[in-house]
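# Structural characterization, general
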Amino acid sequence: MKKGLSLLIIVYLLGFWSLSSGQEHQKPQHFYNVDTEKKIKGTIQEIIMEPRYKDSSPFLIIKLEEKKTHQKFIVEISPVRFFTHDFHKGEELEVVGSLYSKDGNQNIIARQIRFKGEIVILRDKRGFPAWRGGGMKHKKRRKGKGF
Amino acid sequence: MRSKNFLLFFSLPFIGMIVIFFVLSSLNRAYIRNKTEDLVKEQLEATAEILKVDISHFLRENYSVDEIFEPYSRRENIYYMALLNENREILSWRSQFEGYLPLSLQSAKNEESWIIDSPAGKIFNYFSPFSVQEGKAYFLYLGYSLKNLEEMVVYSRRNFFLIFGLIFVIGIIFSLGLFQLQRHYLEKKREAEEERKEKERYREISAFTSGVGHEIKNPLNSVSLIFELLQKKAPVYLQEEVSAGKEEIQKISRIIDQFASYLRPLKLSKETFSLAELVSSVRGSLIKESDKAEVEIRYVESSSIALNADKDLMNQALINLLRNSIEAGSGGEVSIKAQQKKKKVFIKIEDSGQGIAEEDEQHIFEPFFSRKRKGLGIGLYLTKKIVEAHEGKIEVQSKIGVGTTFLIQIPGD
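Now for a quick tour of the structure. All residue numbers refer to position in the chain's written sequence, counted from 1. Written order decides the labels, with chains lettered from A and ligands numbered from 1. Given that this is a predicted model, residues contribute local features only at a pLDDT of at least 70 and side-chain atom pairs are listed and counted only at 80 or more, while totals for whole chains, interfaces and linings are drawn from all residues.

What follows covers the interface of chain B and chain A. Two residues form a contact once the distance between their C-beta atoms, set from the backbone, is within 7 Å. Taken residue by residue, the interface counts 19 residues in chain B and 18 residues in chain A. A helix here means a DSSP run of H or I that spans at least four residues, while a strand means a run of E at least two residues long, and both kinds are numbered starting from the N terminus. Every element with two or more residues in the side of chain B that touches chain A is listed here: β2 (90-95) and β3 (112-118) of chain B. Here the side of chain B that touches chain A takes 5 residues from β2(B), the largest share from any one element. Lys, Arg, Asp and Glu make up the charged group, whereas Ala, Val, Leu, Ile, Met, Phe, Trp, Tyr, Cys and Pro make up the nonpolar group; the residues left over, Gly among them, are polar. Looking at the side of chain B that touches chain A residue by residue, the classes come out as 11 nonpolar, 7 polar and 1 charged.

Written out as structure tokens, the structure reads:
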């Protein structure tokens, strides 16, 4: 009886520990972190659509391979309904966005993309999504200037 | 007051007042806005403190962070919130906008509040530490919507511009009203001044003509008596000339009498006579006195016109006009065209003389206004008086180098 009770207490404590430690180590969903902004240039490998945020419509996601390093990135563009441009596999894309790692993958939440000479602004400098106010902005590329 | 003076007198103080109102109102609005922002910040900081207490309580009760955040995420005024551990690692966060959490952990201080602009409006940000139990610290990051404050600011701005616009429009209407009143007053004042000057001149003319008339009348009476005697004693072959001379003297006497009487309201002695006969008589008199043989006076009437007027006065009026035309016409012709329409007679006297300058046209019927070397400037003045005494009108149209036309309109027989 004593032995059984001790086992029960140990199981309970272990369960509580695992629950509380699980709570602390559970990774939260990623946000647009201005501190991890990065610019990459690569080739489109794959185009997919998947839900990203709670109660949000599917997002356009692009798998991109960086030209120089051949490193792969998963780029979150915007809700599909918002994005009006056509992407094709093999096309070049330049992305400015917030970088984070998840499940061993390098992810980017795109703020601005350059595609076929046109700059498309998807979020403002602090990461506010253009589809929630302000609208998508387009800029024509200027000669001799990157972004 | 000229337009420039009007601008200085009315518009500048008004514009100045509007500018002062605009500046003071803008400063006042800015002050109220700053104070309101401070107040809102204080209120939101206090609310965040309460929130921290609540969260501390739930953490102590071992609720998961997601569970704790769930009720807050449904609140419209909280745009985003995050809970960070003591190492500033985000444990959980919520945002009404996909992926939007404008927190830079590199630049965030331990405790601060700030306001940012976003397409969703101004957002009050609050970053502050709190402890749940000894040795365990957290950070709370909140983003409150300042939509209500902004709506108040927009409402205030809209009201301000509405009031400003109303004051501006009312001010413009008021200024225009003042301008109209002032213009009307000045017009009346000018008319009164002109009337006063005319009366003054009229008094001078009266005094002058009375004196002249008196001086002429006495010798004229003597000459008339001499002609009476001459008529009695003159041979038969001279009777006609003496009679004509006597008639002319009597005419001069009558004119002087009338001239004097013009100073008083004219008393008309009306009779019915043919206009053609009157013109013929006037033409005879003028041809006799004119040294310009080439001047031709032509009379044309649409039908036989009879006038019921003072013959002598009308004679005088026509003589004055025709004399004026003859003297102005350098070798041209003077034509008189008469026409009767219903009960009105229109007489048009045209010459092909040098014409009257535009600036003189409005003055030619004024007494003693003359551009001639010998003229006294009374003829046209008297003509106008005579025509108006017959309830008629007289107008002049002239063009330099082309000629002058006098238009008389008087009631017919």
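The next subject is the environment of B:Q397. Residue and element names in this part refer to chain B. Here Q397 shows up in strand β11 (residues 393-399). By the C-beta count within 10 Å, which is 14 here, Q397 ends up partly exposed. With 41 residues separating them along the chain, Q397 and I356 place their C-alpha atoms 8.5 Å apart. Field definition: a residue is buried when 20 or more other C-beta atoms are found within 10 Å of its C-beta, exposed when 12 or fewer are, and partly exposed for counts in between, with C-beta atoms placed from the backbone.

A separate point is helix α5 (residues 275-289) of chain B. All names here are of chain B. Working rule for helices: expected span equals 1.5 Å times residues minus one. With 15 residues, α5 should reach 21 Å at 1.5 Å per residue; the first-to-last C-alpha distance of 21 Å fits that figure. Burial in α5 covers these residues: L275, V279, V282 and R283. Angular distribution of buried residues about the axis of α5 spans 105°; they occupy a single face of the element. Exposed side chains of α5 directed beyond 90 degrees from the buried face belong to E277, G284 and K288. In this structure, the buried side of α5 is in contact with β6 (270-274), β7 (296-301), β8 (306-310), α6 (311-328) and β9 (333-341). To obtain the arc, one takes the directions from the helix axis to the C-beta atoms.

Let us now look at the sheet that holds strand β12 (residues 403-411) of chain B. Residues and elements named next belong to chain B. In this analysis, strands are considered paired if DSSP registers two or more bridges between them. Across the sheet, 5 strands lie side by side as β7-β9-β10-β12-β11; this open sheet has mixed pairing. Each end of this open sheet is capped by a strand with a single partner; those strands are β7 and β11. With direction set aside, neighbouring strand axes in the sheet form an average angle of 15°. Both strand β10 (residues 344-351) and β12 contribute to a ladder of 8 bridges, which runs antiparallel. Bridged to D351 within β12 is T404. Angles here are taken between N-to-C directions and fall from 0 to 180 degrees, while the axes themselves are lines fitted to C-alpha atoms, restricted in helices to the stretch in contact. Of the strands in this sheet, β7 and β9 are in contact with α5, which crosses β7 at around 180°. Of the strands in this sheet, β7, β9, β10 and β12 are in contact with α6, which crosses β10 at around 20°.

This part covers the pairing of strand β1 (residues 78-85) of chain B. Taken residue by residue, a regular strand's side chains alternate between the two faces of the sheet. All names here are of chain B. Most of β1 is tucked away, with 6 of its 8 residues classed as buried. Pairing analysis gives 7 bridges linking β1 to strand β5 (residues 136-145), with the strands arranged antiparallel. If you follow M81 over to β5, its bridge partner there is L142. Sheet topology note: the β1/β2 ladder contains 5 bridges and is antiparallel. What sits directly across from L83, in β2, is S92.

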